[in-house]
Structure formats: C-alpha cells, structure tokens
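Here's the letter readout for the chains.
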Amino acid sequence: MLEIKNLHVAVDGKEILKGIDLHVGAGEVHAIMGPNGSGKSTLSYVLAGRDGYQVTEGSVTYKGRDLLAMSVDERASAGVFLAFQYPIEIPGVTTMTFLKTALNAQRKARGEAELDAPRFLKLVREKSKPLNISDEMLKRALNVGFSGGEKKRAEILQMALLEPFLAVLDETDSGLDIDALKVVAEGVNALRSPERAMIVITHYQRLLDYIVPDVVHVLSKGRIVRTGGKELAGELEKTGYAEFAA
Amino acid sequence: MTAVRETVDTVDQLAGEKYKYGFTTDIESERAPIGLSEDTIRFISAKKNEPQWMLDWRLQAYRRWLQMEEPKWAKVSYPPIDFQNAYYYSAPKQNAKLASLDEVDPKLLETYKKLGIPLVEQQLLAGVAVDAVFDSVSVVTTFKTKLAEVGVIFCPFSEAVREHPELVKKYLGSVVPESDNYYATLNSAVFSDGSFVYIPPGVRCPMELSTYFRINEKQTGQFERTLIVADKGSYVSYLEGCTAPQRDENQLHAAVVELVALDDAEIKYSTVQNWFPGDEDGKGGIYNFVTKRGDCRGPRSKISWTQVETGSAVTWKYPSCILRGDGSRGEFYSIAISNHFQQVDSGTKMIHLGRDTSSRIVSKGIAAGRSSNTYRGLVSVHKKAENVRNFTQCDSLLIGPRCSAHTVPYIEAKNPTAILEHEATTSKISEEQLFYCMQRGLPAEEAVALIVNGFCRDVLQQLPMEFAVEAQKLVSISLEGSVG
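Small disclaimer: the values here were computed from a predicted structure and weren't measured.

1. A few points about the overall build of chain B
- Within chain B, the secondary structure is distributed over 13 helices and 19 strands.
- Across chain B, the fraction of contacts at a sequence separation of at least 24, relative to all contacts at a separation of at least 6, is 85%.

Right under this line is the structure:
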C-alpha cells in the first residue's frame, strides 16, 4: 500500500525528516509515536502533499504510484486521507455542503457519477449516526464554533464518507476527554478493513488502548528509532521518550 | 426563477412553431447624430413620440449637466470619457445580429455552458437572430394579461410616458432629481428606455418581475431608466440583469433606478450585473456609473437592495435608501467580486429621516488578480429621527497578493438616541483552508469557489432561490484564473 524509502524533508531549509523508511501493507494499522518536534506532523503533511515541505531525498510509493508527483487533490481522490490535528474552519459552508462537495469532487475525479441529493442524504445519515452527529450539527458551518470533540468526530465522519485506502490520523486524540475519545476510536475501528491501511500518529499511548495497532514506530529527531508490536506503546508509557531524546 | 423559466419555455415553444406572422415592419437602423447637443435630445424625444413635458424635462437636465463636473472622489481611474464621440440613440438594428452562434466569441459560449443556459436563451443573449422569431409581443402579452388581472403596470418606460403620463409625471425624478449628480443628470437628458412598474394599493405582485421580460428590447441598456412605485400596502420583487454575460458594444453605462414605497409597501430589488469586465490584461470592459435610490416615503415601508456585481471594468454604484416614513426599513446586501484589472467602488447610503427607522447593510467584497475593491457607505441620522437603528457589516476577502480592498464608512448621527453598529473584517483565503479543502479532493479553483461562496452566504440567501443558484455558479466562474 505505502512504501516510504529514505525520505528526507526540509521546511524553510531546515531538515526535519532525516531518512524515514516505512512499509505499510493493506489492512495494517501502524502507530507512530514520538515526542513533540520529532517530525510526526511533518510526515503526515508530506504524505498529503502540503506546500512548503520540500522532499530533498527519497521516495514515496502509494499503490504502485509515485505519490510525491501527485497534487493534493489527486492524492485525496486516489484514497489518501488526512485527519487533521487542528481541523480548519470554513465559514458559511455547512458541514453537509462540504461533505457533498468533497465526495462528488472525488467521484468526479475517479470518473464516477456524482451522487444525487436523496442518495447522498441517506448515506450521510447512515454514517453520522454511530458518531453521534446530529442533523443540526450537519447544518452548521464546518468546524466553526465546534467543540474539540465535535471537530474530531467531523473528521472521522469525512473519513467514513470518503472511504480512503490510506488514512493518516494526526493526533486525533488531542483535546478529547475519555468519552469523546471512545466515540472517535469506535468510529476509526469500524473503518478497519483488509483493504484499508491506517497510520495513527500520537504523542500518548492512551489512544492505542482503543485503536490497537499492528505495528508501533518511535519517531525521534526525524528518524524512526524503534519499531515493535503493540506492547511497545505500553513500554513507552512507563519509560517516556527520555531515552530517545538523548 | 420561475418567471424566467416560463419565458424560456414560451420562447422554446415559439421556436418550435413555424413563425406565423412574419415580419410586420423592418426596423431600419436609425442613429442620432454623433455627439451630445440639444438637437440630439430633441431627436431622441421625437423618435419616442414623447410629449412636450418629457422633452422639457430632458432639456432641463441637459442644461444642468453642462454646468456639472465629473465626480472624481471614487477610488477608480480610467481614461477621460469623450462625451461628444458617442451615439446617444440607436434604434434596434436587425443587421447587427449575427447569423448563428458560430460567430459568437467561444469564451462567451463556454460561460453560457457552465451556467447551464438553454440554447435559445444563449442566442438571445449573444444577439443572434433566432430563426423562429422570438415573438416579443406574444410573450409579453402572456405576462401582461396575468399582471393586468391584478392591476399591475409593467411596461417599457417610453410606453409609460405615453400611456400613464400622470403616474410618470408624479414620480419621475422624485427620488433621483434630474440635477442629482453628473451621471444621473446625463441619464435624465438622454435616457433611452427602461422599465416602469406600478403596483396598486394592497396588491401583492403575483410574480417576480424581471428584466428578462424585456430581453427583446436590445440596445436599451446604455442609459436605462427604471421607476418602480409600490402603492400603499403593496409588495413587489424585481430582478434586474442576469448571470449570463451579454454582448454589449456600449462602453459607458449610466443607469438610474428610482423606487418609491408608500405606506406599508415593500420593494425587493435584486441585481446581478455581469457585463464585460475587460480581458485578463485589463483591456476593454464596461464603465458602469449607476444611480440607484429608493424612497421609503410612507410609514412602515420597506426597501431592500440585493446585488451581485461581478462584471464591468469600472463600477461606481451606491444603491441607497431614504428612510422618510416613520418605522420604515432599508436593507442593502451586496456581493462585489473583482478580478484581473477590475475596479469596484460600491456601497450604499442609508438616510434616516423618520422616527423608528432601521437599516441593515451587509457587504461582501472579494478582490482577486490586480483588482481594487472599495466599499463606500454612509449612514446618516437626522436631528428629528428618534430611535434609529443601523447594523453594518462589511467584510473583504483578498485572493492573492496583488489585489486590494478598501472600506470607507461615513457615519453622521445628529440624534443621540441612534444605535449604530459597524463591523468590518478583511481576510485572506488562508493556505490552510485551501490545503484542507484540497485534501478532501477539491481542485484548487473549486476550493476557492467553495470558500468564497461560504463567505458570501449571508447575501446569497437574500436572493430569490433560482437566482441564488445561478449566482453561486457565477461567483465560481468570476474567480477562474485567480489561483496559482
């Protein structure tokens, strides 16, 4: 699904990622843990194609294609989804309108027919229910005045609707209380499937109690310094990142 | 806009039928001599078979105009206009029509396609002679019958001068006097035609009145004159213009619109202006100098202006309300989009004369390319106007680094009981917003269109439903080429 080889990335001339190698197969959930400033968010932005992140060396192959050669929207339509740590407000655009525009843009890019209003509405209702997202919330402008929990649930709703092949969740647990965290984690778990891969980026082990990863990587100073099974997360919880910071 | 659909359907039907009546008269191309003089005005008046009083009014305006100077205070710049090197009257020219859509600028056709405009309508807009002749008489008659049943008068201005002189005399110039300002005065002297609307007391006009009804009357746009009178307790919604760009060879437009709302009457006036803005390099384009003013003459009357301005090279336009009647209300909702080298200086005036009058201003300016976009507004509260309320919200959105947005609000409060609120914001479409939308699959231009439509939502909601859908598409099209 995703093959990252010797990836070096600089921001404003400063090297942030210093040779990342990562292989994520279909159906796998990988956790990337690490202290602040280790390059976790940079990795997620590079995969999504954000401006200002210069790849100086290395390659990223997604489903056999050169991911780095694709534009942001091409990647999205090809099934790459990023759940934002800080979802962006879009004033005046209702959540419903945004969802419909996004889904139909992707369908159009893939040469599929756009969904008509009744079918779309049915689909959104079906996906919203398990996430406790009400019709009222869908009528509000996207992320405007949303609580932390609402923002994250809205991200997961987008993911559920767009059905990506590769989902990158950037600190989805940040700013969530335990109940909200459970709802979000359930939403993510419901999307686990043999043809979908996930990269879960987090600072804390807590999220991984609910979204149990197949593989855990520790990122420090722009390099993956350790890789292990799900038990690695528990170990880190006890020792902290101190040993990697040195 | 059901009225428009009806028109189109009727046109479609007509187009399908074999034209039965043939041309009754072949209208020859008739032009006034080049330049502006009393003779030109006499020529125009004579061509329209106007009564003496109408000619006198025009001449009075012309003499006044000679004494006036072109206003220079707006934040727009353009080469001097040579008023003596223009034609002020040109009868509809059959020979100016194109033979088929193949002769029309392909760019224009592409825009029509994006707006989803039916073929027959495209031909009309582009000035193509429709083969199965668009029988304006029968189309107009259909609507006129419906309107006549409730006593609504809706006709070309020149017809009103002949058929309803008592109404025209009573209200013409009563809101925008012939001496009002340089361009309004010029219009008063040479106005070609326009619309006249009268809604009798207590009547709710059964349909949206649209300039589409008058689509056949080409070449009347340059110095258009519109007068709408809503008598006591009546209501009318009027739509001007359309989302499709129209072929137009006149560079200078100076229209005047006067609205009069008597006791408890309401007028809702919506405009979409999408005239040629000039090309990507700023060449060509229409200069639009308009005077629009509404008079809430009676108590509890209401006038609401909604405008979507995307066209013209230079726009100079301030639809205003005089809140004379106690408890009257004025509203102004505006979207002004400028791209490439367009210059917009637009806003409103709310003149509070009566007690308990209120006004609301929501202005959304969007600047892209190298354009300049200015909001200029006045809220004035007179000494005797007790308990006035005004709310003004003025938002500007910048796209790209080379455009500019300006806000020039004037507030004059001479009565201490007034409560006036003014909010203004200027923002840019952030890189974050674009990235977020594109990460969800939207191509860059669609992302910008979505964000801008969100920014304009408060105003788009004020438009009649179908008009709003077209306006949304128009917003997207106007901003093409603004990203990247």
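2. Description of the packing of helix H2 (residues 38-47) of chain B against helix H3 (residues 52-66) of chain B
All names here are of chain B.
- Here H2 crosses H3 at 155°, and the two axes come no closer than 10 Å. Regarding the angle of H2 to H3, the classification is roughly antiparallel. Crossing angle aside, the handedness with which H2 passes H3 is right-handed. When H2 is examined against H3, the residues Glu38, Ile41, Arg42 and Ser45 are found in contact with a partner set consisting of Met54, Leu55, Arg58, Leu59 and Tyr62.
- Considering only residue class, the contact of H2 with H3 consists of five nonpolar, one polar and three charged.

3. Structural notes on the environment of Arg389 of chain B
All names here are of chain B.
- Relative to the elements of secondary structure, Arg389 occurs in strand S17 (residues 389-398).
- Along the sequence, Arg389 and Arg355 sit 34 residues apart, while their C-alpha atoms lie 10.0 Å from each other.
- Setting aside chain neighbours within four positions, we find Arg389 in contact with Ser358 and Ile419.

4. Digging into the sheet that holds strand S7 (residues 166-170) of chain A
Residue and element names in this part refer to chain A.
- Strand order in this open sheet of six strands is S6-S7-S8-S3-S9-S10, and the pairing throughout is mixed. Here the strands that pair on one side only, and so sit at the sheet edges, are strand S6 (80-83) and strand S10 (223-228). Between one strand axis and the next, the sheet turns by 20° as a mean value, whatever way the strands run.
- As judged from the five bridges shared by strand S3 (residues 29-33) and strand S8 (residues 197-202), these two strands associate in the parallel manner. Looking across to S8, one finds that His30 is bridged to Ile199.

5. A few points about the sheet that holds strand S1 (residues 2-11) of chain A
All names here are of chain A.
- With antiparallel pairing, four strands are arranged side by side in an open sheet as S2-S1-S4-S5. What marks the edges here is a single partner per strand, and that holds for strand S2 (14-24) and strand S5 (65-66).
- Note: strand S4 (residues 54-62) against S5, two bridges, orientation antiparallel. Considered in S5, the bridge of Thr61 is made with Asp66.
- Its contacts with the sheet place helix H1 (residues 40-48) against S1, S2 and S4, and it is angled at close to 70° to S2.

6. Section: the interface of chain B and chain A
- Listed per partner, the contact involves 17 residues of chain B and 21 residues of chain A.
- Of all the elements, helix H10 (residues 431-439) of chain B adds the most residues to the side of chain B that touches chain A, at seven residues.
- Looking at the side of chain B that touches chain A, its residues break down into eight nonpolar, four polar and five charged.

Conventions we followed
- Residues numbered from 1 in each chain as written.
- Chains lettered and ligands numbered in written order.
- Predicted model: local features only at pLDDT ≥ 70, side-chain atom pairs only at ≥ 80, totals over all residues.
- Helix = DSSP H or I, 4+ residues; strand = E, 2+ residues; numbered from the N terminus.
- Contact = placed C-beta atoms within 7 Å.
- Axes fitted to C-alpha atoms, helices over the stretch in contact; angles between N-to-C directions.
- Parallel < 35°, antiparallel > 145°, perpendicular 65-115°, else oblique.
- Left-handed = near helix turned anticlockwise from the far one by under 90°.
- Nonpolar A, V, L, I, M, F, W, Y, C, P; charged D, E, K, R; others polar.
- Pairing = 2+ DSSP bridges.

As far as function goes, none of this settles anything; it's purely spatial.
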